[in-house]
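Examination of the molecular architecture
So the chains spell out like this:
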Amino acid sequence: MLVLALDLTSREKALEIVEKTRDFVDAVKVNYPIVLSCGIEIVKELSEIKRVIADFKIADIPYTSSLIAEIAFKNGANAVISHGFVGRDVLEEIMKVAENYDGKVYVVTELTNEGAREFMGQFARKIAEIAKEVGCHGLIAPATKPERVREVREVAKNLEILSPGIGAQKGKLEEIAKYVDGIIVGRSIYNADNPKEAARKIKEEFEKAKLT
Ligand code: U5P
């Protein structure tokens, strides 16, 4: 599964990239840059073309977190991404909302950046365990840290794992492909001279790496 991270701030450019890459992209991930620039309506618009994962990295008290999830699902998102370090009660509350929409909840175990080792890395395994216990659908695990991907795969055997960090952040497909269900790629696709060809190639390489 290839998830396109659509971190653009122009609606026209975003729609153009989705149109060009749609044959190779399974879902589109929206984050703050596009939603704060284009408004929440962009989620609805994109959801008419592809499944949308709302990456608001929810990290608030249970009540506020549930409101954020509600807004995402109400506007057509199929899934939301929550931080895991916020704890079990937040995930439980978001799951209640997701169930009303038949939506999915993915939980960030540790971010892809180096600095995430300072805090999140120490709890990534525990976060994966809690996400599993709460019944969340999947995890977001860093392609830049293949050892972490393997660790959370071990903990959460049946959860879906989506992995960002391939390409611009220097994660290597061959190191993680076997352990994940999908990859999340942004800049290597939307900044490419030929986004369609870039998406095709990345998807093909991912599928090949999964088999080797
Ligand atoms: N993302 C990460 N690392 C994480 C969690 C999420 O990069 O640990 C998100 C970014 O916010 C961005 C996408 O939307 O995944 C990666 O984009 P790119 O580096 O492929 O451009």
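Above this text is the structure in question.
Below or above, wherever it landed, is the structure these notes cover. Keep in mind it's a predicted model, so treat the numbers as computed, not measured. (Residues numbered from 1 in each chain as written. Predicted model: local features only at pLDDT ≥ 70, side-chain atom pairs only at ≥ 80, totals over all residues. Heavy atoms only, no water.)

**What about the overall build of the protein?**
Note the following rule: Numbering of helices and strands runs from the N terminus, with a helix taken as a DSSP run of H or I at least four residues long and a strand as a DSSP run of E at least two residues long. To get the radius of gyration, use the C-alpha atoms; to get the globule rule, take the number of residues to the power 0.38 and multiply by 2.2 Å. Burial classification: accessible surface area is computed with a 1.4 Å probe over protein chains only, and a residue below 20% of its type maximum counts as buried, one above 50% as exposed, and the rest as partly exposed. Contacts: residue pairs with any heavy atoms within 4.5 Å of one another. When charges are counted, Lys and Arg contribute as positive and Asp and Glu as negative, whereas His and the chain ends are disregarded. Where a charge sits is defined by one atom per residue type, namely NZ (Lys), CZ (Arg), CG (Asp) or CD (Glu).
Counting secondary structure elements, the protein contains 10 helices and eight strands. Taking 212 residues into account, the globule formula puts the C-alpha radius of gyration at 17 Å, and the protein, at 16 Å, falls close to it. Considering only C-alpha atoms, the protein reaches an extent of 45 × 40 × 30 Å along its principal axes. Per-residue burial for the protein yields a buried fraction of 53% across its 212 residues. Here the contacts in the protein between residues at least 6 apart in sequence split such that 64% fall between residues at least 24 apart. Computing the positive centroid from 32 side-chain charges and the negative centroid from 34, the protein places the two 4 Å apart.

**Quick notes on a nonpolar patch on the surface**
Inclusion rule: Patch definition: residues with relative accessible area over 30% and no salt bridge; like charges joined within 9 Å; nonpolar side chains (Val, Leu, Ile, Met, Phe, Trp, Tyr) joined within 5 Å. What sets the accessible areas is the Shrake-Rupley method with a 1.4 Å probe; for residues, cover comes only from the shown protein chains. Note on definitions: salt bridges are taken to be side-chain nitrogens of Lys or Arg within 4 Å of carboxyl oxygens of Asp or Glu.
On the surface, I61, Y63 and L67 cluster together into a nonpolar patch covering about 320 Å² of accessible area. One can find L67 in helix α4 (residues 62-74). A relative accessible area of 38% places L67 in the partly exposed class.

**A look at the site of the ligand**
So the rule is basically this: We call a residue near a molecule or strand as soon as one heavy atom of that residue lies within 4 Å of the molecule or strand. Here a polar contact is taken to be a pair of N or O atoms separated by no more than 3.5 Å, where protein atoms must pair a possible hydrogen donor with a possible acceptor and residues adjacent in sequence count only if both atoms sit in side chains. Charged means Asp, Glu, Lys or Arg here, nonpolar means Ala, Val, Leu, Ile, Met, Phe, Trp, Tyr, Cys or Pro, and polar covers whatever is left, Gly included.
Near the ligand, the surroundings consist of 14 residues, among which D7, K29, T112, Q169 and R187 are the closest. In the model, an oxygen atom of the ligand is placed 3.0 Å from a nitrogen or oxygen of the N31 side chain. When the free accessible area of the ligand is taken as 470 Å², the share hidden by the protein chains comes to 90%. For the shell around the ligand, the per-class residue count stands at five nonpolar, four polar and five charged.

**Side note on the pattern of salt bridges**
Applying the stated criterion across every chain yields a total of 21 salt bridges. When the shortest N-O distance is used, the salt bridge between E110 and R148 registers 2.4 Å. In this pair, E110 is assigned in the loop between β5 (104-108) and α6 (124-134) and R148 in helix α7 (residues 146-155), connecting sequence segments 38 residues apart. An identical accessibility class is assigned to E110 and R148; each is buried. A salt bridge links R153 to D181; its shortest N-O distance comes to 2.9 Å. In this pair, R153 is assigned in helix α7 and D181 in the loop between α8 (173-176) and β8 (182-185), connecting sequence segments 28 residues apart. Look at R153 and you get buried, because its relative accessible area is 16%. Residue D181 is classed as partly exposed on the basis of its relative accessible area, which comes to 31%. Through salt bridges with shared partners, a single network forms among E110, R125, K145, R148 and E151.

**Quick look at the nonpolar core**
As a reminder of what qualifies: Note on terminology: a nonpolar core comprises buried Ala, Val, Leu, Ile, Met, Phe, Trp, Tyr and Cys residues joined through side-chain atoms within 4.5 Å.
Counting residues in hydrophobic clusters, the biggest one holds 63 residues, and the most contacted among them are L6, V30, L46, L139 and I183. Counting residues per element, this core draws most heavily on helix α5 (residues 88-101), at six residues. Those residues in contact with V30 that sit more than four places away from it in its chain are V35, V43, L46, V52, I53, A54 and D55. Counting residues in each nonpolar core, the second largest holds 13 residues, with V3, A5, A27 and M120 among its members.

**A word on the sheet that holds β5**
The test is simple: Any two strands are treated as partners once DSSP identifies two or more bridges connecting them. Only the contacting stretch of a helix is used when fitting its axis, a line to C-alpha atoms as for every element, and angles between N-to-C directions run 0 to 180 degrees.
Taking strand neighbours around the barrel as the criterion, the eight strands line up as β1-β2-β3-β4-β5-β6-β7-β8 in a closed arrangement whose pairing is parallel. Adjacent strand axes in the sheet meet at a mean angle of 25°, parallel and antiparallel pairs treated alike. Note: strand β4 (residues 79-83) against β5, five bridges, orientation parallel. Within β5, the residue paired with S82 across the bridge is V107. Contacts from α5 reach β3 (51-58), β4 and β5 within the one sheet, and its direction differs from that of β4 by about 175°.

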